[in-house]
Amino acid sequence: MPADIKALDRDGLRAAVADAGERAYRAAQLERWLYARAASSFDEMTDLSAALRARLAERWALSVPVVEARLDSADGTRKYLLRLRDGVTVEAVGLPEGKRLTVCFSTQAGCAMRCAFCATGASGLVRDLTCGEMVDQVAIVARDLGRRATNAVAMGQGEPFANYDAVLAALRFMNSADGLGIGARHLTVSTSGLPAGIRRFSEEPEQFTLAVSLHSAVQATRDGLMPGLRRAR
Ligand code: SF4
């Protein structure tokens, strides 16, 4: 089975293009087709040569999540259930407010953190999402609401820092002018508080935003509510 091209980060896309015998700048075109234009097949990428499209299609699989269900709230919030290429489902939420559209996206299917108040945690971890599956959630919600996403926050299902590399790759595609073009400060990672992830995130060159869910200022209460964090300390 061909590997998923949307599991590649930006360096990976450049390597895929180089492996197919093309110059690196073609990677920017490929990125635009994958994320800015949401192509669902290599055939749509008409500014790439037919030979490159054929080589990419031989080596890589390309898919776009399908909207399985949609739920509207009176305040304009729209909640989505999206089906991924292997049948796994994840949730995303669009929150329009004035000129802003914030999209809350999932970083994992299920979650291993077992927070006491969370239905996702009760079902355990199914799998990590790829970077492309995260970018697609934001792009699909924005398209469905007919406007550009101005903000995105990793606050759906999953603990983002338990899938660190894919989350960072997704933020970079969301931030890229060839991807979704969202400003770095408008891209937020909301963590339950994994210390190693927080330290690493603080050293990234981009000015992405960090949010930490405390739920209690009392450590013992917090340990009871969020048992997954005890192992991470
Ligand atoms: S980290 Fe988030 S998704 Fe995971 S169990 Fe806790 S609240 Fe739920």
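All values reported here derive from a predicted model rather than from experimental measurement.

Draft legend 1. Representation of the packing of aromatic side chains. Taken as a whole and assessed by the stated rule, the structure comprises four aromatic pairs. Ring centres of Phe161 and Phe201 lie 5.4 Å apart, and the angle between their planes is 55°; on these two criteria the pair is classed as tilted. Taken together, the residues Phe161 in the loop between strand E9 (151–154) and helix H6 (164–175) and Phe201 in helix H7 (residues 195–202) connect sequence positions 40 residues apart. The two residues Phe161 and Phe201 agree in class, both being buried. Seen from their ring centres, Phe201 and Phe208 are 6.3 Å apart, and the 20° between their planes marks the pair as stacked. For the pair formed by Phe201 and Phe208, the shared burial category is buried. The rings of Phe161, Tyr164, Phe201 and Phe208 are connected pair by pair, giving a single aromatic cluster. Geometry around Trp33 places Arg37 over its ring, the cationic atom sitting 4.3 Å from the centre. Above the plane of the ring of Trp60 lies Arg59, whose end atom (NZ or CZ) is 4.1 Å from the centre.

Draft legend 2. Spotlight on the pairing of E9. Burial of the side chains of E9 extends over both faces: Asn151 and Val153 are buried on one face and Ala152 and Ala154 on the other. In terms of strand pairing, strand E6 (residues 100–105) meets E9 through four bridges, oriented parallel. Bridging from a neighbouring strand, Cys104 pairs with Val153 of E9. Of the pairings in the sheet, the one linking E9 to strand E10 (residues 187–191) comprises three bridges and is parallel in character. Note that in E10 the partner of Ala154 across the bridge is Val189.

Draft legend 3. Looking closely at helix H2 (residues 26–36). Counting buried positions along H2 gives eight out of 11 residues, so the element sits mostly inside the fold. Inspection of H2 places Arg26, Ala27, Gln29, Leu30, Glu31, Trp33, Leu34 and Tyr35 among the buried residues, and these make up the whole buried set. Where the residues of H2 are buried, they touch helix H1 (10–19), helix H3 (50–59), helix H5 (131–145) and H6. Once H2 finishes, Ala38 follows within two positions and takes phi at roughly 50°, a positive value.

Here is what the cut-offs are and how they apply
Residues numbered from 1 in each chain as written. Predicted model: local features only at pLDDT ≥ 70, side-chain atom pairs only at ≥ 80, totals over all residues. Heavy atoms only, no water. Phe/Tyr/Trp six-rings, centres within 6.5 Å; stacked < 30°, edge-to-face > 60°. Helix = DSSP H or I, 4+ residues; strand = E, 2+ residues; numbered from the N terminus. Buried < 20%, exposed > 50% of the residue type's maximum accessible area, 1.4 Å probe, protein only. Lys NZ or Arg CZ within 6 Å of the ring centre and 35° of its normal. Pairing = 2+ DSSP bridges. Contact = heavy atoms within 4.5 Å.

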